Amino acid sequence: MEQKKIIFSGIQPSGELTLGSYIGAIKNWVNLSEEYECYYCIVDMHAITVRQKPAELRKRTLSQIAQYIACGLDPDKNTIFIQSHVPAHAEMAWVLNCYTMFGELSRMTQFKDKASKNAENVNAGLFTYPALMAADILLYQADLVPVGDDQKQHVELTRDIAQRFNSVYGDVFKIPGHYIPKVGARIMSLTEPEAKMSKSDKGSGSCIYLMDKPEDIIRAFKRAVTDSETVVRYNPETKKGISNLMTIYSVATGKSFQDIENEFAGKGYGEFKLAVGESVVELLRPIRERAEDLMKNKDYLTQVYRDGAEKASRTAARTLRKVHKKLGFVER
Ligand code: AQP
(Lines give C-alpha, C1' and ligand atoms only; values in the text may rest on other atoms or scores of the structure.)
Protein backbone atom coordinates (compact mmCIF):
# COMPACT_ATOMS: atom_id res chain seq x y z
CA MET A 1 0.00 0.00 0.00
CA GLU A 2 1.27 3.45 -0.89
CA GLN A 3 2.36 5.46 2.17
CA LYS A 4 0.15 8.50 2.77
CA LYS A 5 1.86 11.90 2.79
CA ILE A 6 2.15 13.56 6.18
CA ILE A 7 0.66 16.77 7.55
CA PHE A 8 1.57 18.58 10.74
CA SER A 9 -0.03 21.75 12.06
CA GLY A 10 -0.80 23.30 15.42
CA ILE A 11 -2.49 26.20 17.16
CA GLN A 12 -1.55 27.88 20.43
CA PRO A 13 -4.04 27.77 23.31
CA SER A 14 -3.20 31.43 23.89
CA GLY A 15 -6.85 32.41 23.58
CA GLU A 16 -10.10 30.91 22.34
CA LEU A 17 -10.08 29.71 18.73
CA THR A 18 -11.26 32.38 16.31
CA LEU A 19 -13.03 32.48 13.00
CA GLY A 20 -9.57 33.41 11.59
CA SER A 21 -7.90 30.26 12.88
CA TYR A 22 -10.87 28.22 11.62
CA ILE A 23 -10.88 29.65 8.09
CA GLY A 24 -7.09 30.00 7.76
CA ALA A 25 -6.19 26.64 9.24
CA ILE A 26 -8.66 24.16 10.83
CA LYS A 27 -11.17 24.11 7.96
CA ASN A 28 -8.36 23.05 5.63
CA TRP A 29 -7.08 20.47 8.10
CA VAL A 30 -10.50 18.85 7.92
CA ASN A 31 -10.50 18.89 4.11
CA LEU A 32 -7.03 17.34 3.97
CA SER A 33 -7.53 14.75 6.68
CA GLU A 34 -8.79 11.93 4.44
CA GLU A 35 -5.95 12.16 1.98
CA TYR A 36 -3.02 12.58 4.41
CA GLU A 37 -1.73 11.11 7.63
CA CYS A 38 -2.31 14.05 9.95
CA TYR A 39 -0.81 15.25 13.22
CA TYR A 40 -2.73 18.14 14.79
CA CYS A 41 -1.27 19.63 17.89
CA ILE A 42 -2.18 22.09 20.60
CA VAL A 43 1.06 23.97 21.01
CA ASP A 44 0.96 24.90 24.68
CA MET A 45 4.75 25.31 24.84
CA HIS A 46 4.50 28.04 22.22
CA ALA A 47 1.73 29.72 24.21
CA ILE A 48 3.97 30.36 27.23
CA THR A 49 6.21 32.66 25.18
CA VAL A 50 3.58 35.17 26.31
CA ARG A 51 2.45 35.08 29.97
CA GLN A 52 -0.64 32.90 30.51
CA LYS A 53 -2.87 32.37 33.52
CA PRO A 54 -2.33 28.67 34.45
CA ALA A 55 -5.98 27.80 35.15
CA GLU A 56 -7.11 29.45 31.91
CA LEU A 57 -4.37 27.80 29.86
CA ARG A 58 -5.39 24.38 31.19
CA LYS A 59 -9.08 24.99 30.48
CA ARG A 60 -8.46 26.38 26.98
CA THR A 61 -6.19 23.50 26.05
CA LEU A 62 -8.92 20.99 26.86
CA SER A 63 -11.59 23.04 25.16
CA GLN A 64 -9.35 23.35 22.08
CA ILE A 65 -9.30 19.57 21.78
CA ALA A 66 -13.11 19.55 21.94
CA GLN A 67 -13.23 22.29 19.30
CA TYR A 68 -10.81 20.46 16.96
CA ILE A 69 -13.10 17.43 17.09
CA ALA A 70 -16.24 19.57 16.77
CA CYS A 71 -14.80 21.20 13.63
CA GLY A 72 -14.72 17.74 12.04
CA LEU A 73 -11.34 16.23 12.95
CA ASP A 74 -12.02 12.59 13.69
CA PRO A 75 -9.61 11.39 16.43
CA ASP A 76 -9.67 7.89 14.93
CA LYS A 77 -8.24 9.23 11.68
CA ASN A 78 -6.07 12.11 12.95
CA THR A 79 -3.47 12.20 15.68
CA ILE A 80 -4.63 14.97 18.04
CA PHE A 81 -2.24 15.74 20.89
CA ILE A 82 -0.79 18.31 23.28
CA GLN A 83 2.75 19.47 22.50
CA SER A 84 4.07 19.35 26.08
CA HIS A 85 3.03 15.66 26.30
CA VAL A 86 5.66 14.73 23.71
CA PRO A 87 9.05 15.71 25.19
CA ALA A 88 10.77 15.15 21.85
CA HIS A 89 9.51 18.62 20.81
CA ALA A 90 11.62 20.32 23.49
CA GLU A 91 14.59 18.06 22.80
CA MET A 92 14.51 18.64 19.06
CA ALA A 93 14.00 22.37 19.55
CA TRP A 94 17.30 22.57 21.42
CA VAL A 95 19.13 20.83 18.61
CA LEU A 96 17.54 23.07 15.98
CA ASN A 97 18.31 26.19 18.02
CA CYS A 98 21.92 25.34 17.31
CA TYR A 99 21.20 25.33 13.56
CA THR A 100 19.15 28.55 13.49
CA MET A 101 20.86 31.88 13.05
CA PHE A 102 20.39 34.96 15.19
CA GLY A 103 19.90 37.07 12.05
CA GLU A 104 17.16 34.77 10.77
CA LEU A 105 15.23 34.95 14.03
CA SER A 106 15.64 38.74 14.16
CA ARG A 107 13.86 39.05 10.81
CA MET A 108 10.69 37.23 11.89
CA THR A 109 7.67 39.51 11.64
CA GLN A 110 5.81 37.69 14.42
CA PHE A 111 8.72 38.23 16.81
CA LYS A 112 8.82 41.94 16.00
CA ASP A 113 5.03 42.26 16.43
CA LYS A 114 4.85 40.31 19.67
CA ALA A 115 7.96 41.96 21.11
CA SER A 116 6.38 45.36 20.57
CA LYS A 117 3.07 44.23 22.09
CA ASN A 118 4.81 42.63 25.12
CA ALA A 119 7.68 45.05 25.64
CA GLU A 120 7.95 44.10 29.33
CA ASN A 121 8.52 40.40 28.50
CA VAL A 122 10.67 39.99 25.38
CA ASN A 123 11.96 36.59 26.50
CA ALA A 124 14.32 34.17 24.76
CA GLY A 125 11.44 31.77 24.07
CA LEU A 126 9.61 34.43 22.08
CA PHE A 127 12.77 34.93 20.02
CA THR A 128 13.49 31.23 19.41
CA TYR A 129 9.82 30.33 18.82
CA PRO A 130 10.53 29.44 15.15
CA ALA A 131 13.11 26.79 16.16
CA LEU A 132 10.46 25.07 18.29
CA MET A 133 8.02 25.33 15.40
CA ALA A 134 10.63 23.79 13.09
CA ALA A 135 11.02 20.96 15.61
CA ASP A 136 7.24 20.41 15.66
CA ILE A 137 7.12 20.04 11.89
CA LEU A 138 10.37 18.17 11.23
CA LEU A 139 9.85 15.55 13.97
CA TYR A 140 6.95 14.13 11.94
CA GLN A 141 8.75 14.40 8.59
CA ALA A 142 5.77 16.43 7.39
CA ASP A 143 5.24 16.94 3.68
CA LEU A 144 2.78 19.76 4.15
CA VAL A 145 1.93 22.37 6.80
CA PRO A 146 -1.53 23.93 6.40
CA VAL A 147 -1.40 27.41 7.95
CA GLY A 148 -2.70 30.94 7.48
CA ASP A 149 -0.66 33.53 5.64
CA ASP A 150 0.96 34.92 8.82
CA GLN A 151 2.78 31.64 9.47
CA LYS A 152 4.30 31.37 5.98
CA GLN A 153 7.56 33.00 7.08
CA HIS A 154 7.99 30.45 9.87
CA VAL A 155 7.42 27.51 7.54
CA GLU A 156 9.98 28.99 5.12
CA LEU A 157 12.51 29.25 7.95
CA THR A 158 11.75 25.62 8.87
CA ARG A 159 12.70 24.65 5.32
CA ASP A 160 15.97 26.62 5.57
CA ILE A 161 16.84 24.99 8.91
CA ALA A 162 16.07 21.52 7.54
CA GLN A 163 18.15 22.15 4.43
CA ARG A 164 21.05 23.45 6.53
CA PHE A 165 20.95 20.35 8.73
CA ASN A 166 20.62 18.00 5.75
CA SER A 167 23.54 19.68 3.98
CA VAL A 168 25.79 18.67 6.89
CA TYR A 169 24.35 15.27 7.86
CA GLY A 170 22.66 13.90 4.74
CA ASP A 171 19.01 13.28 4.08
CA VAL A 172 17.66 13.48 7.65
CA PHE A 173 14.61 15.74 7.33
CA LYS A 174 11.85 15.88 4.77
CA ILE A 175 11.64 19.45 3.43
CA PRO A 176 8.05 20.56 4.14
CA GLY A 177 5.85 22.77 1.98
CA HIS A 178 3.14 25.10 3.20
CA TYR A 179 -0.52 24.91 2.28
CA ILE A 180 -2.14 28.33 2.39
CA PRO A 181 -5.80 28.67 1.38
CA LYS A 182 -6.65 30.79 -1.69
CA VAL A 183 -9.55 32.49 0.10
CA GLY A 184 -9.31 33.35 3.79
CA ALA A 185 -5.55 33.09 4.36
CA ARG A 186 -5.73 36.28 6.42
CA ILE A 187 -9.01 37.14 8.10
CA MET A 188 -8.85 40.68 9.42
CA SER A 189 -10.11 42.22 12.65
CA LEU A 190 -13.73 43.45 12.41
CA THR A 191 -12.90 46.71 14.14
CA GLU A 192 -9.47 47.38 12.58
CA PRO A 193 -9.56 45.80 9.12
CA GLU A 194 -5.87 46.56 8.54
CA ALA A 195 -4.87 44.18 11.39
CA LYS A 196 -5.15 40.39 11.49
CA MET A 197 -7.94 38.87 13.57
CA SER A 198 -5.95 37.49 16.51
CA LYS A 199 -7.22 35.37 19.38
CA SER A 200 -5.20 37.18 22.03
CA ASP A 201 -6.59 40.60 20.99
CA LYS A 202 -9.42 40.74 23.44
CA GLY A 203 -10.52 44.13 22.13
CA SER A 204 -14.29 44.26 22.07
CA GLY A 205 -15.87 43.08 18.86
CA SER A 206 -12.65 42.67 16.82
CA CYS A 207 -12.75 38.91 16.96
CA ILE A 208 -15.32 36.17 16.44
CA TYR A 209 -14.67 33.12 18.61
CA LEU A 210 -15.93 29.67 17.58
CA MET A 211 -17.80 29.39 20.88
CA ASP A 212 -19.49 32.81 20.63
CA LYS A 213 -23.26 32.92 21.10
CA PRO A 214 -25.35 33.87 18.00
CA GLU A 215 -26.43 37.24 19.45
CA ASP A 216 -22.79 38.21 20.10
CA ILE A 217 -21.80 37.23 16.56
CA ILE A 218 -24.61 39.30 15.03
CA ARG A 219 -23.75 42.27 17.25
CA ALA A 220 -20.06 42.14 16.25
CA PHE A 221 -20.88 42.00 12.53
CA LYS A 222 -23.39 44.85 12.82
CA ARG A 223 -20.60 46.96 14.32
CA ALA A 224 -17.91 45.87 11.84
CA VAL A 225 -15.92 48.76 10.38
CA THR A 226 -16.58 49.35 6.66
CA ASP A 227 -15.94 52.50 4.59
CA SER A 228 -17.66 55.68 3.47
CA GLU A 229 -18.89 54.26 0.13
CA THR A 230 -22.09 52.22 -0.04
CA VAL A 231 -21.10 49.58 -2.54
CA VAL A 232 -20.33 45.93 -1.76
CA ARG A 233 -17.29 45.38 -3.99
CA TYR A 234 -14.14 43.30 -3.49
CA ASN A 235 -10.97 45.41 -3.32
CA PRO A 236 -8.63 44.45 -0.48
CA GLU A 237 -6.47 47.55 -1.13
CA THR A 238 -9.07 50.29 -0.89
CA LYS A 239 -12.01 48.49 0.76
CA LYS A 240 -10.37 46.39 3.47
CA GLY A 241 -13.38 46.07 5.78
CA ILE A 242 -15.89 45.16 3.07
CA SER A 243 -13.43 42.78 1.35
CA ASN A 244 -12.83 41.02 4.66
CA LEU A 245 -16.58 40.61 5.20
CA MET A 246 -16.95 39.33 1.63
CA THR A 247 -14.21 36.76 2.26
CA ILE A 248 -15.95 35.55 5.40
CA TYR A 249 -19.32 35.43 3.64
CA SER A 250 -17.79 33.59 0.69
CA VAL A 251 -16.28 30.92 2.95
CA ALA A 252 -19.49 30.59 5.00
CA THR A 253 -21.82 30.29 2.00
CA GLY A 254 -19.62 28.99 -0.84
CA LYS A 255 -20.61 32.02 -2.98
CA SER A 256 -18.06 33.70 -5.26
CA PHE A 257 -17.15 37.39 -4.89
CA GLN A 258 -19.07 38.09 -8.12
CA ASP A 259 -22.21 36.38 -6.75
CA ILE A 260 -21.91 38.42 -3.57
CA GLU A 261 -21.52 41.71 -5.47
CA ASN A 262 -24.64 40.85 -7.51
CA GLU A 263 -26.62 39.77 -4.46
CA PHE A 264 -26.01 43.08 -2.67
CA ALA A 265 -26.04 45.46 -5.66
CA GLY A 266 -28.05 48.55 -4.68
CA LYS A 267 -28.41 47.37 -1.08
CA GLY A 268 -26.94 49.06 2.00
CA TYR A 269 -24.08 47.89 4.19
CA GLY A 270 -26.52 47.23 7.06
CA GLU A 271 -28.26 44.47 5.12
CA PHE A 272 -24.94 43.00 3.97
CA LYS A 273 -23.42 42.96 7.45
CA LEU A 274 -26.49 41.23 8.87
CA ALA A 275 -26.33 38.57 6.13
CA VAL A 276 -22.64 37.95 6.89
CA GLY A 277 -23.42 37.66 10.62
CA GLU A 278 -26.24 35.20 9.98
CA SER A 279 -24.08 33.07 7.68
CA VAL A 280 -21.38 32.87 10.37
CA VAL A 281 -23.96 31.97 13.04
CA GLU A 282 -25.05 29.02 10.87
CA LEU A 283 -21.43 28.05 10.07
CA LEU A 284 -20.47 27.98 13.74
CA ARG A 285 -23.69 26.69 15.34
CA PRO A 286 -22.97 22.94 14.86
CA ILE A 287 -19.35 23.42 15.95
CA ARG A 288 -20.32 25.20 19.16
CA GLU A 289 -23.06 22.72 20.01
CA ARG A 290 -20.81 19.71 19.42
CA ALA A 291 -17.93 21.25 21.39
CA GLU A 292 -20.23 22.05 24.32
CA ASP A 293 -21.37 18.42 24.34
CA LEU A 294 -17.82 17.10 24.15
CA MET A 295 -16.73 19.32 27.04
CA LYS A 296 -19.16 17.40 29.23
CA ASN A 297 -17.23 14.22 28.53
CA LYS A 298 -13.77 14.88 30.02
CA ASP A 299 -12.91 11.15 30.07
CA TYR A 300 -13.32 10.96 26.32
CA LEU A 301 -11.18 14.06 25.74
CA THR A 302 -8.50 12.67 28.06
CA GLN A 303 -8.50 9.41 26.09
CA VAL A 304 -8.12 11.33 22.82
CA TYR A 305 -5.10 13.37 23.91
CA ARG A 306 -3.42 10.41 25.65
CA ASP A 307 -3.80 8.16 22.60
CA GLY A 308 -2.63 11.06 20.42
CA ALA A 309 0.49 11.66 22.52
CA GLU A 310 1.35 7.96 22.48
CA LYS A 311 1.14 7.77 18.71
CA ALA A 312 2.93 11.09 18.17
CA SER A 313 5.70 10.08 20.60
CA ARG A 314 6.45 6.93 18.60
CA THR A 315 6.90 8.87 15.35
CA ALA A 316 8.79 11.73 17.00
CA ALA A 317 11.17 9.39 18.84
CA ARG A 318 12.22 7.81 15.52
CA THR A 319 13.28 11.16 14.06
CA LEU A 320 14.95 12.30 17.29
CA ARG A 321 16.96 9.07 17.52
CA LYS A 322 18.15 9.53 13.95
CA VAL A 323 19.15 13.15 14.66
CA HIS A 324 21.02 12.28 17.87
CA LYS A 325 22.93 9.57 16.04
CA LYS A 326 23.92 11.94 13.24
CA LEU A 327 25.08 14.53 15.78
CA GLY A 328 27.32 12.01 17.51
CA PHE A 329 25.34 11.70 20.77
CA VAL A 330 25.98 8.35 22.47
CA GLU A 331 22.99 6.05 22.14
CA ARG A 332 20.79 5.83 25.29
N1 AQP B 1 -6.78 36.00 11.15
C2 AQP B 1 -6.37 34.87 10.62
N3 AQP B 1 -6.64 34.56 9.33
C4 AQP B 1 -6.22 33.39 8.78
N5 AQP B 1 -5.51 32.46 9.45
C6 AQP B 1 -5.22 32.73 10.74
N7 AQP B 1 -4.55 32.03 11.66
C8 AQP B 1 -4.52 32.73 12.83
N9 AQP B 1 -5.18 33.88 12.68
C10 AQP B 1 -5.63 33.91 11.39
C11 AQP B 1 -3.95 30.74 11.41
O12 AQP B 1 -4.44 29.87 12.40
C13 AQP B 1 -3.36 29.16 12.99
C14 AQP B 1 -3.23 29.72 14.40
O15 AQP B 1 -1.97 29.57 14.86
P16 AQP B 1 -1.44 30.08 16.24
O17 AQP B 1 -2.49 30.29 17.22
O18 AQP B 1 -0.43 29.11 16.67
O19 AQP B 1 -0.71 31.41 15.89
P20 AQP B 1 -1.10 32.81 15.41
O21 AQP B 1 -1.01 32.83 13.94
O22 AQP B 1 -0.20 33.74 16.15
O23 AQP B 1 -2.62 33.05 15.84
P24 AQP B 1 -3.23 34.21 16.65
O25 AQP B 1 -4.71 34.05 16.66
O26 AQP B 1 -2.74 35.53 16.15
O27 AQP B 1 -2.71 33.93 18.10
P28 AQP B 1 -1.96 34.88 19.11
O29 AQP B 1 -2.90 36.04 19.26
O30 AQP B 1 -1.78 34.11 20.36
O31 AQP B 1 -0.68 35.25 18.44
C32 AQP B 1 -2.15 29.44 12.11
O33 AQP B 1 -2.09 28.52 11.05
C34 AQP B 1 -2.45 30.82 11.59
O35 AQP B 1 -1.80 31.09 10.38
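Worth saying up front: this structure is predicted, and the values here are computed from it rather than measured.

### A short note on unusual backbone geometry
Positive phi values are uncommon outside glycine, yet Gln 141 reaches one of about 55 degrees. You can see Gln 141 is positioned in the loop between α7 (124–139) and β4 (144–146). Since its relative accessible area comes to 16%, Gln 141 is described here as buried.

### Observations concerning the packing of α7 against helix α8 (residues 152–169)
Remark: α7 packs on α8, axes separated minimally by 9 Å, with the N-to-C direction vectors making an angle of 70 degrees. Classified by the angle their axes make, α7 and α8 are roughly perpendicular. Contacts between α7 and α8 involve Tyr 129, Pro 130, Met 133, Ala 134, Ile 137 and Leu 138 from the first element and His 154, Val 155, Leu 157, Thr 158, Ile 161 and Ala 162 from the second.

### Quick notes on the domain arrangement of the protein
As assigned here, the protein comprises domain 1 (6–180 + 298–327) and domain 2 (214–292). When each unit is reduced to the centre of its C-alpha atoms, the spacing between domain 1 and domain 2 is 31 Å. Listed by partner, the interface residues are 9 residues for domain 1 and 9 residues for domain 2. Regarding the contact of domain 1 and domain 2, the summed buried area is about 750 Å², with carbon and sulfur atoms giving 86% of it.

### A closer look at the pattern of salt bridges
Here the structure, examined in full by the defined rule, presents 18 salt bridges. A salt bridge links Glu 56 to Arg 60, with the nearest nitrogen and oxygen atoms 3.6 Å apart. Of this pair, Glu 56 and Arg 60 both sit in helix α3 (residues 54–70), 4 residues apart, which is roughly one turn of that helix. For Glu 56, a relative accessible area of 39% corresponds to the partly exposed category. Arg 60 sits in the buried class, given a relative accessible area of 9%. Of the charged contacts in the structure, one is a salt bridge between Glu 292 and Arg 288, with a shortest N-O distance of 3.8 Å. Of this pair, Glu 292 and Arg 288 both sit in helix α12 (residues 269–295), separated by 4 residues, roughly a single helical turn. Residue Glu 292 is classed as partly exposed on the basis of its relative accessible area, which comes to 31%. Judged by its relative accessible area of 9%, Arg 288 is buried.

About the cut-offs
Note that residues are indexed from 1 along each chain, following the sequence as it is written. In keeping with the model being predicted, local features are shown solely for residues with a pLDDT of at least 70 and side-chain atom pairs are shown and tallied solely at 80 or more, while totals for entire chains, interfaces and linings include all residues. To get the side-chain values, all heavy atoms of the structure are used, and hydrogens and water are removed first. Labels follow the DSSP assignment, with helices taken as runs of H or I lasting at least four residues and strands as runs of E lasting at least two, numbered in each case from the N terminus. Note on exposure labels: buried denotes an accessible area under 20% of the residue type's maximum, exposed denotes more than 50%, and partly exposed covers the range between, all computed with a 1.4 Å probe on protein chains only. For helices, the fitted line uses only the C-alpha atoms of the stretch in contact; every axis is such a line through C-alpha atoms, and the angle between N-to-C directions lies from 0 to 180 degrees. These descriptions rest on fixed angle ranges, namely under 35 degrees for roughly parallel, over 145 for roughly antiparallel, 65 to 115 for roughly perpendicular, and the rest for oblique. In this analysis, two residues are considered to be in contact whenever any of their non-hydrogen atoms come within 4.5 Å of each other. Boundaries of every domain are those given by an automatic assignment or by a domain database. As used here, buried area is the combined drop in accessible area, with a 1.4 Å probe, of two parts when they are placed together. When a carboxyl oxygen of Asp or Glu is within 4 Å of a side-chain nitrogen of Lys or Arg, the pair counts as a salt bridge.

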